[in-house]
Amino acid sequence: ASPETGRSKRKREAKAAFERRAIREALEARIRKILSTPPGERTPEGLALLDEHAAVVAPLMANMERSLRRKAQTEERLEEREDPPEVMMEHVAVLVELIRQRGTFVMHTGAGFSTAAAIPDFRGRDGIWTQQAKGRAVPMPRFENTKPTKAHLTAVALHDAGYLTHVVTQNVDGLHQRAGMPQDAVSELHGSVFREECRNEACPMGPTPRDRTYRRVFDVTSTKPHNGRHRHRTGRRCDACGGDLHDVVTQFGEHLDDETLKTATAACEASPLALVCGSSLKVPPASTLPRRSGALVVCNLQWTSQDKHAALKIHARCDDVMLAVCGHLGIDVPEYDPSRDPIGAEVVRRGGKFATPNETGGNGSADWDGKIEKTPSMIRNAAAVYGGGGGVADGPQGTPAKGVEVDADDSEAYASPETWEGG
């Protein structure tokens, strides 16, 4: 017989290794199945197999125990916990003392800051991702038909009083500015659905993106012609050069606007105190900014990645905490006035209604039965933000759930924003 070549030897050894791995994996699968059975229900054959392969059983049991611990930890972190009123007020008193000692603070807001405006969050009990994992659709109000919450209005009052210097938000709903916060006092890390820009650097409007930005009174993502993700063209054109206009919403995997991040970072580093409200702080770089300030306070119903670094953690709703802070500081909180908000004024002019949370106090989706309420507040919204067609966020493209009916009159209510004043 001819001698075995090097190539034949490698193939034989690879085949043998593959067969050994297949045998080992089959054995491990049998052992895992036995281990997952309650001890009292294991067969004599199964117990004999465990005894025979004790060296394999030990690491498999260790892996299974680690997996269970991780699962329990994940579930615990997702759990929403609300402090009793008296505990919340004690924590608020500590927060107010910190504000007085430090003088000023920067606020970081996430999706939980706007749930009282009927905008669902992502990871909460009724959040978009939580409900999607259960195969449920999530009703999504039009951004135009939401209005600033008490928390947004308290932020304005604290800014006017000289305590709050800057807001760094991950939200794209524009509610901070609609409440009355100056534009230069808000850093929208992930953009806004009320802005679109011309990307033609030769455009007569100016050399920078800010020079070529259009501020709208409608959600610029709601009428995108292609209904796709990561496609930012809105279907409108620049008045000055005729180029395509693009929304400014930052999708997952995309870079943040450099100037916005630079401004937010500078504000954080100059602040002696950071207050995080309604964010789990899981998405960088937003999650890294609060620790750039002198001290950190977190207000969130769920666990956050920065809890261990916080001087104080408050398990409470943002509206309740912020109103209590203003009460301690003797600051009056104004009511929302749609006439001072161009977007709200347009809603009123059109005879529209502002979306409100349901009676359970949730974000508007807890008692939803899969049917969209036939009002202009719950139809077609945020194609870019929630993944596609808007209205109902229930899948990778955000298209309406099967069986969901949309009234024809309502679906066209905001279909032609170009015809609006300012459009």
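Residues numbered from 1 in each chain as written. Predicted model: local features only at pLDDT ≥ 70, side-chain atom pairs only at ≥ 80, totals over all residues. Heavy atoms only, no water.

> Is there a simple way to think about the overall build of the chain in this case?
Helix and strand counts for the chain stand at 11 helices and 12 strands. Here the chain holds 423 residues, and the buried ones make up 47% of them. Across the chain, every contact between residues at least 6 apart in sequence was considered, and the portion connecting residues at least 24 apart equals 62%. Total accessible area on the chain stands at roughly 21500 Å², and carbon and sulfur atoms take up 49% of it. (Helix = DSSP H or I, 4+ residues; strand = E, 2+ residues; numbered from the N terminus. Buried < 20%, exposed > 50% of the residue type's maximum accessible area, 1.4 Å probe, protein only. Contact = heavy atoms within 4.5 Å. Areas by Shrake-Rupley, 256 points an atom, 1.4 Å probe, with all protein chains shown as cover.)

> Sorry, what's going on with the pattern of salt bridges here?
Where side chains of opposite charge bring their charged atoms close, a pairing between them can arise. Across all of its chains, the model carries 15 salt bridges by this definition. Residue Arg81 is joined to Asp83 by a salt bridge in which the shortest nitrogen-to-oxygen separation is 3.5 Å. A residue is classified by how much of its surface remains accessible, and Arg81, at 43% relative accessible area, is partly exposed. Across the pair Asp244 and Arg237 runs a salt bridge whose closest N-O atoms are separated by 3.2 Å. When its relative accessible area of 32% is taken as the criterion, Asp244 is described as partly exposed. (Salt bridge = Lys/Arg side-chain N within 4 Å of Asp/Glu carboxyl O.)

> What is the right way to look at the sheet that holds strand β5 (residues 195–198) in this model?
Where strands meet in a sheet, backbone hydrogen bonds hold them as pairs that are either parallel or antiparallel. The strand order across the open sheet formed by four strands is β6-β5-β8-β7, and the pairing between neighbours is antiparallel. A strand with exactly one partner marks an edge of an open sheet, and here the two such strands are β6 (213–215) and β7 (233–237). Direction aside, neighbouring strands of the sheet carry axes that sit 35 degrees apart on average. The sheet contact formed by β5 and strand β8 (residues 244–247) spans three bridges and is antiparallel. Following the sheet pairing, Cys198 is matched in β8 by Leu245. (Pairing = 2+ DSSP bridges. Axes fitted to C-alpha atoms, helices over the stretch in contact; angles between N-to-C directions.)

> Is there a simple way to think about the packing of helix α1 (residues 6–35) against helix α3 (residues 54–78) in this case?
Two numbers describe a pair of packed helices, the interaxial angle and the distance between the axes. At a minimum axis separation of 10 Å, α1 and α3 run at an interaxial angle of 60 degrees. The angle between the axes of α1 and α3 places the two elements in the oblique class. Handedness of the crossing formed by α1 with α3: right-handed. Within the contact between the two elements, α1 uses Leu27, Glu28, Ile31, Arg32 and Leu35 and α3 uses Val56, Val57, Leu60, Met61 and Met64. Partitioned by chemical class, the residues of the contact of α1 with α3 number eight nonpolar, no polar and two charged. (Parallel < 35°, antiparallel > 145°, perpendicular 65-115°, else oblique. Left-handed = near helix turned anticlockwise from the far one by under 90°. Nonpolar A, V, L, I, M, F, W, Y, C, P; charged D, E, K, R; others polar.)

> Is there a simple way to think about unusual backbone geometry in this case?
Peptide bonds are trans in most cases, and residues, glycine excluded, mostly fall at negative phi. The omega angle of the peptide bond from Pro284 to Pro285 is 0 degrees, so this bond is cis rather than trans. Its place among the elements puts Pro285 in the loop between β9 (274–277) and β10 (296–299). Backbone geometry at Ala118 places phi at a positive 75 degrees, although glycine is not the residue there. Locating Ala118 in the fold gives a position in the loop between β1 (105–109) and α5 (128–133).

> Explanation requested: the state of the cysteines in the structure shown.
Disulfide: a covalent bond connecting the sulfur atoms of a pair of cysteines. All chains considered together, the criterion is met by zero disulfides. Of all cysteine sulfurs, the one in Cys238 lies closest to Cys203, which takes part in no disulfide; the gap is 3.7 Å. (Disulfide = S-S within 2.5 Å.)

> Would you mind showing me how to read the packing of helix α4 (residues 85–102) against helix α9 (residues 318–329) here?
Their axes nearest at 9 Å, the elements α4 and α9 cross at an angle of 55 degrees. With respect to α9, the axis of α4 lies oblique. As α4 packs across α9, the resulting crossing turns out to be right-handed. On the side of α4, the interface is formed by Met88, Met89, Val92, Ala93, Leu95, Val96, Ile99 and Arg100, while α9 contributes Asp320, Val321, Ala324, Val325, His328 and Leu329. Looking at the contact of α4 with α9 residue by residue, the class counts come to 11 nonpolar, one polar and two charged.

> Sorry, what's going on with the pairing of strand β3 (residues 164–169) here?
The element β3 is largely enclosed, with a buried count of five among its six residues. The sheet contact formed by β1 and β3 spans five bridges and is parallel. The residue of β3 that forms the bridge with Thr109 is Thr169. By the bridge criterion, three bridges tie β3 to strand β4 (residues 186–188) in an arrangement that is parallel. In the strand pairing of β4, Thr169 is matched with Glu188.

> Hey, could you run me through the packing of aromatic side chains in this one?
Two measures describe an aromatic ring pair: the distance that separates the ring centres and the angle between the ring planes. Within the structure shown, the criterion is met by one aromatic pair. Pairing Tyr336 with Phe354 gives two aromatic rings, centres 5.9 Å apart and planes at 85 degrees, and the pair type is edge-to-face. A residue pair is termed long-range when its members are at least 10 positions apart, and Tyr336 in the loop between α9 and α10 (342–349) and Phe354 in the loop between α10 and β12 (392–393) qualify at 18 residues. Grouping residues by exposure puts Tyr336 and Phe354 together as buried. (Phe/Tyr/Trp six-rings, centres within 6.5 Å; stacked < 30°, edge-to-face > 60°.)

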